[in-house]
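# Tertiary structure, described
Next come the chains, spelled out residue by residue.
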Amino acid sequence: MATIAENLARIREQIAEACRRSGRAEADVALMAVSKMHPAAAIREAWQAGQRLFGENRVQEWQEKQQSLTDLFPPATSATGHSGAEAAKVHLIGPLQSNKTNRAAELFDAIDTVDSLKIATRLNTAAQAVGMRLPVLIEVKLSHEESKHGVVPGELGCLLEGVSALANLVAGGLMTVPPWSEQAEPARPYFRELRRLRDEFLPRYPTLTGLSMGMSNDFTVGIEEGSTCVRVGTALFGKRDYSMSKSQLIESN
Ligand SMILES: *Cc1c(COP(=O)(O)O)cnc(C)c1O
């Protein structure tokens, strides 16, 4: 079985190739390591291989795991641990309940799944309380699957207008999760649609440059369609084991 470092090298090469194919600069595509349901030790291993951007789905799970990783993810106020380019960042990429917005604003460097003005307003209040501007992405629901989250395209304009009035949030782009498929191509029309929406609203909201789209099975297609952040879990860390216990997840070695 390949190590995390080997997987990372392979994925980076695939990203570089997709960038060359589509005439894009590699520096314009961030690789997010999606570490949900993988232990803290796997995150440390990825960090040692040079990975700095991570994505987690649950507030609670990250709160527990980060306790054994505080040297890699120093709190904003901490003078110890790594700083500057060495410090890792973690984004929330799973659904956020309104009773967890305060904790989420404290624990994450960005929230990539804002899909309602209610959540945005609560995050804004939390960010204001700690005197920061919190980067967010707006999650758009393009698939008709019940299980998917996000604002529907018809309400995106209204949500963006509301979020732009919140002084402590910065909407840095759009994010989507297409219907799951083993193949990459079925995702293409969803990625294209997200990009079209971004292009439509960018003139009015100049910070809305980002497009978080593409996962293990389809990130090269995501890059071809303009993704600025691919969220890769399985291809980097292996299959998730949903029977893993809390203590196994927070084990640090
Ligand atoms: C789990 C997850 C990913 C990573 O999926 P893989 O197929 O394992 O790469 C990316 N984005 C979101 C929102 C996820 O929940």
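None of these values were measured; they are calculated from a predicted model.

## Describing the overall build of the chain
A tally of helices and strands in the chain yields ten helices and eight strands. Expected size for 253 residues packed as a compact globule is a radius of gyration near 18 Å; at 17 Å, the chain falls within 12% of this value. With the principal axes as the frame, the chain shows a C-alpha extent of 45 × 45 × 35 Å. Looking at the chain residue by residue over its 253 residues, the buried ones come to 49%. Positive and negative side-chain charges of the chain, numbering 28 and 30 respectively, have mean locations separated by a distance of 2 Å.

## Focus on helix H6 (residues 153–164)
Given a rise of 1.5 Å per residue, twelve residues ought to cover 16 Å, and the 17 Å separating the end C-alpha atoms of H6 matches this to within 8%. Of all the positions in H6, only Leu-156, Gly-157, Leu-159, Leu-160, Gly-162 and Val-163 are classed as buried. Along its buried surface, H6 packs onto strand E4 (110–114), helix H5 (117–129), strand E5 (134–139), strand E6 (169–175) and helix H7 (188–201).

## A few points about the site of the ligand
Around the ligand, the structure places 13 residues, and the nearest of them are Lys-36, Ser-216, Gly-233, Thr-234 and Arg-240. The separation between an oxygen atom of the ligand and a polar main-chain atom of Gly-233 is 2.8 Å. Within the complex, the protein chains bury 91% of what would otherwise be the 390 Å² of accessible surface of the ligand. Class assignment of the residues belonging to the shell around the ligand gives a composition of six nonpolar, four polar and three charged.

## A closer look at unusual backbone geometry
With the exception of glycine, the majority of residues adopt a negative phi angle, and the majority of peptide bonds are in the trans configuration. For Met-37, which is not glycine, the phi torsion reads 60° and is therefore positive. Taking the relative accessible area as the measure of exposure, Met-37 reaches 12% and is therefore buried.

## Digging into the environment of Pro-178
Topologically, Pro-178 is positioned in the loop between E6 and H7. Note on Pro-178: relative accessible area 6%, which makes it buried. Spatially, the C-alpha atom of Pro-178 lies 9.2 Å from that of Glu-145, the residues being 33 residues apart in sequence. Excluding residues within four positions of it along the chain, Pro-178 makes contact with Lys-148, Ala-187, Tyr-190, Phe-191 and Asp-218.

How each quantity is defined
- Residues numbered from 1 in each chain as written.
- Predicted model: local features only at pLDDT ≥ 70, side-chain atom pairs only at ≥ 80, totals over all residues.
- Heavy atoms only, no water.
- Helix = DSSP H or I, 4+ residues; strand = E, 2+ residues; numbered from the N terminus.
- Rg over C-alpha atoms; globule rule 2.2 N^0.38 Å.
- Buried < 20%, exposed > 50% of the residue type's maximum accessible area, 1.4 Å probe, protein only.
- Lys, Arg positive; Asp, Glu negative; His and termini not counted.
- Charge placed at Lys NZ, Arg CZ, Asp CG, Glu CD.
- Expected span 1.5 Å × (residues − 1).
- Contact = heavy atoms within 4.5 Å.
- Near = heavy atom within 4 Å.
- Polar contact = N/O pair within 3.5 Å; in protein donor to acceptor, adjacent residues only side chain to side chain.
- Areas by Shrake-Rupley, 256 points an atom, 1.4 Å probe, with all protein chains shown as cover.
- Nonpolar A, V, L, I, M, F, W, Y, C, P; charged D, E, K, R; others polar.

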